[in-house]
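Residues per chain, in single letters:
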Amino acid sequence: GQQVMQIPQYQHVQEGEDFTTYCNSSTTLSNIQWYKQRPGGHPVFLIQLVKSGEVKKQKRLTFQFGEAKKNSSLHITATQTTDVGTYFCAGYILTGGGNKLTFGTGTQLKVEL
Amino acid sequence: KAGVTQTPRYLIKTRGQQVTLSCSPISGHRSVSWYQQTPGQGLQFLFEYFSETQRNKGNFPGRFSGRQFSNSRSEMNVSTLELGDSALYLCASALSGVHNEQFFGPGTRLTVL
């Protein structure tokens, strides 16, 4: 089953409000990647975190990788309508089928004016 | 540089038929991964090919298969289609695949009637 969970599943905010999505893995991840998928589009890479406790910022977006490398978060400050989409975390998990990139369940963000 | 291309973009098939989807990666990328995206199951990893060899495999039945050619182009095949195979099939390419960012194509929307 799904080994990487994200919460919340949906988030509806007013423009200007902050937004956070959390990603939790049942196993330790070697790294974590974040992707954004706009409605009707395909996932687009945002960032990759590798080190335990790492924090990276991209303008209004802040990404964190947990100390145990089992969880991560994406925080958006002062959301804009251009932030609409589904945000996925993805981590490499070693399985019987090899080292595969496992995507989280995604958080769908809607931003209202 | 040109992005990942997938053909066809849309496909309608009936149960029991088979289908072949094609993916051309970004020039210079040697890794090609395939994903199935559905509203209920999210993004599920199918398999990854690198230098014409399947390097990683997800938890899908043997009806799903793939291959990669010497120019890194990849195809995936689904035999004996079932209604539940209706999904968006996404192809992603990466430089080497291991811990590299994935560049996704626009996807092939497959509908099985």
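Anything mentioned here points back to the structure above.
Residue positions are given per chain, counting from 1 as you read along its sequence in written order. Labels follow written order: the first chain is A, the first ligand is 1, and so on. Per-residue local features of the predicted model are confined to residues with pLDDT of at least 70, and side-chain atom pairs are confined, for both listing and counting, to 80 or more; whole-chain, interface and lining totals are unaffected and use all residues. Just so you know, side-chain values use all the structure's heavy atoms and leave hydrogens and water out.

Caption draft 1: The overall build of chain A, seen in detail. What chain A contains, in helices and strands, is 0 helices and 11 strands. Each helix (α) and strand (β) of chain A, taken in turn from the N terminus, gives the series β-β-β-β-β-β-β-β-β-β-β. Its C-alpha atoms give chain A a radius of gyration of 14 Å, near enough to 13 Å, the size a compact globule of 113 residues would have. In terms of overall dimensions, chain A has a C-alpha envelope of 45 × 30 × 20 Å along the principal axes. Split into buried and exposed, the 113 residues of chain A put 47% on the buried side. In this analysis, two residues are considered to be in contact whenever any of their non-hydrogen atoms come within 4.5 Å of each other. The contacts in chain A between residues at least 6 apart in sequence include a share of 55% that link residues at least 24 apart. Areas reported as accessible are Shrake-Rupley estimates using a 1.4 Å probe. Residue values count occlusion only from the protein chains shown. Here chain A displays about 5,400 Å² of accessible surface, and carbon together with sulfur accounts for 52% of that area. Counted charges follow a simple rule, with Lys and Arg positive, Asp and Glu negative, and His plus the chain ends left uncounted. Just so you know, the charge point we use is NZ for Lys, CZ for Arg, CG for Asp and CD for Glu. Considering chain A, the positive charge centre built from 11 side chains and the negative charge centre built from 7 side chains are found 11 Å apart. To qualify as a helix, a DSSP run of H or I must reach at least 4 residues; to qualify as a strand, a run of E must reach at least 2; elements of each kind are numbered from the N terminus. For this measure, only C-alpha atoms enter the radius of gyration; the expected value for a globule follows 2.2 Å times N^0.38, where N is the number of residues. When accessible area is computed with a 1.4 Å probe and restricted to protein chains, residues below 20% of their type maximum are described as buried, those above 50% as exposed, and intermediate ones as partly exposed.

Caption draft 2: Up close: the pairing of strand β8 (residues 71-76) of chain A. All names here are of chain A. Two strands qualify as a pair provided that DSSP identifies no fewer than 2 bridges between them. As paired strands, strand β3 (residues 19-25) and β8 are joined by 6 bridges and run antiparallel to one another. Along β8, the bridge assignment pairs Tyr 22 with Ser 73. By the bridge criterion, 5 bridges tie strand β7 (residues 61-65) to β8 in an arrangement that is antiparallel. Residue Gln 64 lies in a different strand from β8, and its bridge partner there is Ser 73. Adjacent in sequence and paired antiparallel, β7 and β8 are bridged by 5 residues, among which Lys 69 carries a positive phi angle near 55°.

Caption draft 3: Representation of the sheet that holds strand β1 (residues 5-7) of chain B. All names here are of chain B. The strand order across the open sheet built from 4 strands is β1-β3-β8-β7, with neighbouring strands paired in antiparallel fashion. The sheet terminates laterally at β1 and β7 (64-68), the two strands that pair on one side only. Neighbour-to-neighbour, the strand axes of the sheet open up by a mean angle of 20°, direction not taken into account. Bridging between β7 and strand β8 (residues 74-78) involves 5 bridges; their strand directions are antiparallel. Bridged to Phe 64 within β8 is Val 78. Note on geometry: axes are lines fitted to C-alpha atoms, helical ones only across the stretch in contact, with angles between N-to-C directions running from 0 to 180 degrees.

Caption draft 4: Spotlight on the packing of aromatic side chains. Aromatic rings from Phe, Tyr and Trp, with only the six-membered ring used for Trp, were paired whenever their centres fell within 6.5 Å, and each pair was classed as stacked if the ring planes differed by under 30 degrees, edge-to-face if by over 60, and tilted otherwise. Evaluated as defined, the whole model comprises 12 aromatic pairs over all chains. Pairing Tyr35(B) with Phe45(B) gives two aromatic rings, centres 5.7 Å apart and planes at 65°, and the pair type is edge-to-face. Within this pair, whereas Tyr35(B) is found in strand β4 (residues 31-38), its partner Phe45(B) is found in strand β5 (residues 42-50), the two being separated by 10 residues in sequence. Accessibility assignment for this pair places Tyr35(B) and Phe45(B) in one class, buried. Taken together, the aromatic side chains of Tyr35(A), Phe45(A), Phe88(A), Phe103(A), Tyr35(B), Phe45(B) and Phe104(B) make up a single cluster linked through ring pairs. We note Arg55(B) situated over the ring of Phe50(B); from NZ or CZ to the ring centre the distance is 4.2 Å. Here, over-ring charges are defined by two tests on the NZ atom of lysine or the CZ atom of arginine: distance to the ring centre within 6 Å, and angle to the ring normal within 35 degrees.

Caption draft 5: How the structure looks around the interface of chain B and chain A. Listed per partner, the contact involves 21 residues of chain B and 18 residues of chain A. Here chain B and chain A share an interface that buries about 1,500 Å² over both sides, 50% of which is from carbon and sulfur atoms. What makes a salt bridge here is a side-chain nitrogen of Lys or Arg within 4 Å of a carboxyl oxygen of Asp or Glu, nothing more. Remark: the boundary between chain B and chain A carries 0 salt bridges. The definition of a polar contact used here is a pair of N or O atoms within 3.5 Å, where within protein one atom must be able to donate a hydrogen and the other to accept one, and adjacent residues in sequence count solely through side-chain atom pairs. Summed over the shared surface of chain B and chain A, the number is 4 residue pairs in polar contact (both at pLDDT 80 or more). Counting only elements with at least two residues in the side of chain B that touches chain A, the list comes to β4, β5 and β6 (53-57) of chain B. The residue makeup of the side of chain B that touches chain A, split by class, is 7 nonpolar, 11 polar and 3 charged. Accessible area that two parts lose when put together, evaluated with a 1.4 Å probe and summed over both, is termed the buried area. All amino acids are sorted into three groups, where Ala, Val, Leu, Ile, Met, Phe, Trp, Tyr, Cys and Pro are nonpolar, Asp, Glu, Lys and Arg are charged, and the leftover types, Gly among them, are polar.

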